[in-house]
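# Examining the three-dimensional arrangement
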Amino acid sequence: CDWSSDVCSSDLLQALLFHERVHQCGMNCIDYSKEVDENNCFVIVSGGDDNMFSANIFQITTINSDVKPSKFEIVKLKSLNLNNFCASALKGIRLVNNYIFCAGWNQRMHVGKLKYEISKTNKSVAYVEVDDINFELVGMAFVDVADIGDLDVNHEIINETEETFNILVVGQGIEYLKYHH
């Protein structure tokens, strides 16, 4: 990278926005909501060698919108850490419309729903408050793929009340699963 060029200019890089150690050991998998909600909030989920599942809700706030490009701050609002969630290290995780799909070396696929409540914005501060965050396990299945390395999920909306999630699990082999809700 040529730092003198506009393509890779150091002026385009912002300072570190957030840093925190989430897992006791290495973090093996991570995913995040691809869009922010109406409060500029987003979710990051992760799994690690410590068998823990973690979900964190963040909000993006603008520090100074008069500066181009704008300076941003990321505020952690709430976290949920489920210790010993899995009997082995988690190796793949996906977050799709608040559904969480994760699998580990024990060849168990977990499907859960992340639920959280956001309070109205407190006008005296720049961020919202998260009242509660919960994980509801809605399904589990064993997969025949050994040494799971990752997974991916494709979401299909059937109608207003039905949706299907197509799950692809890879490791020593490949397996395709469907979750219908």
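Calculation notes
- Residues numbered from 1 in each chain as written.
- Predicted model: local features only at pLDDT ≥ 70, side-chain atom pairs only at ≥ 80, totals over all residues.
- Heavy atoms only, no water.
- Buried < 20%, exposed > 50% of the residue type's maximum accessible area, 1.4 Å probe, protein only.
- Helix = DSSP H or I, 4+ residues; strand = E, 2+ residues; numbered from the N terminus.
- Pairing = 2+ DSSP bridges.
- Polar contact = N/O pair within 3.5 Å; in protein donor to acceptor, adjacent residues only side chain to side chain.
- Core = buried A, V, L, I, M, F, W, Y, C linked by side-chain atoms within 4.5 Å.
- Contact = heavy atoms within 4.5 Å.
- pLDDT = per-residue confidence, 0-100.

Moving on to the pairing of strand 2 (residues 41-48). Within strand 2, 7 of the 8 residues are buried, leaving the element largely enclosed by the surrounding structure. As defined by bridge partners, strand 1 (residues 27-32) adjoins strand 2 across 5 bridges and the pair is classed as antiparallel. Residue Met27 lies in a different strand from strand 2, and its bridge partner there is Gly48.

Relative to the assigned elements, Glu175 resides in strand 10 (residues 163-180). Along the chain, Glu175 and Val145 lie 30 residues apart, while their C-alpha atoms are 6.6 Å from each other. Polar side-chain contacts of Glu175 include one of 2.6 Å to the backbone nitrogen of Asp144.

Counting residues in hydrophobic clusters, the biggest one holds 22 residues, and the most contacted among them are Val45, Phe53 and Ile100. Mapped by element, the contributors of at least two residues to this core are strand 2, strand 3 (53-64), strand 4 (71-82), strand 5 (90-96), strand 6 (99-104) and strand 8 (130-142). Filtering out sequence-adjacent residues up to four positions away, Phe53 remains in contact with Val45, Ser46, Leu80, Asn81, Leu82, Phe85, Leu90, Ile93, Ile100 and Phe135. By size, the runner-up hydrophobic cluster in this structure holds 16 residues, among which are Phe101, Met109, Val169 and Tyr179.

With that settled, consider the confidence of the model for the protein. Taken over all residues, the pLDDT of the protein has a mean of 83, while the share at 70 or more is 79%. Of all secondary-structure elements in the protein, the lowest mean pLDDT belongs to strand 3, at 82, while strand 10 reaches the highest, 95. Predicted confidence for residues 1-5 stays below pLDDT 50, and this span has 6 contacts to residues more than four positions away or in other chains.

This paragraph deals with unusual backbone geometry. If a residue is not glycine, its phi is most likely negative; likewise, a peptide bond is most likely trans. Phi is positive for Asn51, close to 65°, though the residue is something other than glycine. When you line up the elements, Asn51 lands in the loop between strand 2 and strand 3. A relative accessible area of 17% means that Asn51 is categorised as buried. In this structure, Asn98 takes a positive phi of about 65° despite not being glycine.

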